[in-house]
Amino acid sequence: MTQVIDHARIRNRERDITGMLVWSGDAILQVLEGDIDAISALFARIEKDTRHRDVVLLAAVKADRGRFWRWPMGFARIGPEHGDLLVRSGGSDQLAPLQMNIEGALDLLEELAKAQPEDPDAGVGRPL
Ligand SMILES: Cc1cc2nc3c(=O)[nH]c(=O)nc-3n(C[C@H](O)[C@H](O)[C@H](O)COP(=O)(O)O)c2cc1C
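Residue indices begin from 1 for each chain and proceed along its sequence in written order. The predicted origin of the model limits local features to residues at a pLDDT of at least 70 and limits the giving and counting of side-chain atom pairs to 80 or more, whereas totals for whole chains, interfaces and linings rest on all residues.

**Quick look at the sheet that holds strand β3 (residues 74-77)**
Right, so step 1: With mixed pairing, the three strands of this open sheet are ordered in space as β2-β1-β3. One side of each edge strand has no neighbouring strand; the edge strands of this open sheet are β2 (28-33) and β3. Between one strand and the next, the sheet's axes are offset by a mean angle of 5 degrees, whatever the strand orientation.
Right, so step 2: Two strands pair if DSSP finds at least two bridges between them. Labels follow the DSSP assignment, with helices taken as runs of H or I lasting at least four residues and strands as runs of E lasting at least two, numbered in each case from the N terminus. By the bridge criterion, four bridges tie strand β1 (residues 18-23) to β3 in an arrangement that is parallel. Axis lines are fitted to C-alpha atoms, over the contacting stretch for helices. Their N-to-C directions set the angle, which ranges from 0 to 180 degrees.

Shown next as structure tokens:
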């Protein structure tokens, strides 16, 4: 997963894409923000990536303002210590993306992103 994230950070900076990914070992929840064409192209590549399976698009929304513009791709490994946060985000104490509502999922991602190193140059120039 570290390789995926390192590569994503480099590529996303080039394409003005930002976001956050959390991984429990079993499940992944990721948000991507940026230009709609760039995101569509990236999602098509991610869908075909054989390093994971059962990719589901939970939501695609036009946002007035990005929530993740400071992170070229934040990353957090979900563990037992996140049980309370997962429950507060509207899910069970395990990461179960298909059972979360979108607001809960975004709140969880943002909460965990805040503990990540920020890149002051990420997302610069992107219309919000
Ligand atoms: C869970 C997961 C998340 C990924 N997220 C990104 C991402 O945010 N940005 C990215 O460029 N590639 C991401 N990738 C990698 C892409 O699937 C793909 O390998 C990459 O876009 C290849 O294109 P490139 O070599 O031109 O960068 C992700 C892969 C996986 C498995």
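Next, the rest of the story.
**Quick notes on unusual backbone geometry**
Right, so step 1: Non-glycine residue D16 carries a positive phi angle of around 60 degrees.
Right, so step 2: Mapped onto the secondary structure, D16 falls in the loop between α1 (2-15) and β1.
Right, so step 3: A residue is classified by how many C-beta atoms lie within 10 Å of it, and D16, with 18 of them, is partly exposed.
Right, so step 4: The backbone of D54 shows a phi angle near 55 degrees, a positive value even though the residue is not glycine.
Right, so step 5: Within the fold, D54 resides in the loop between α2 (36-48) and β3. To sort residues by exposure, count the other C-beta atoms lying within 10 Å of each residue's C-beta; 20 or more gives buried, 12 or fewer gives exposed, and values between give partly exposed, all with C-beta atoms placed from the backbone.

**Here we look at the site of the ligand**
Right, so step 1: Of all residues adjacent to the ligand, which total 15 residues, the nearest are A8, R11, R45, I46 and D49.
Right, so step 2: Of all the elements in the fold, those that place two or more residues in the shell around the ligand are α1, β1, β2 and α2.
Right, so step 3: In terms of residue count, α1 provides more of the shell around the ligand than any other element does, four residues in total.
Right, so step 4: Under the scheme applied here, ten amino acids are nonpolar (Ala, Val, Leu, Ile, Met, Phe, Trp, Tyr, Cys and Pro), four are charged (Asp, Glu, Lys and Arg), and all others, including Gly, are polar. Here the shell around the ligand is composed, by residue class, of seven nonpolar, four polar and four charged. What makes a residue near a molecule or strand is its C-beta atom, placed from the backbone, lying within 6 Å of it.

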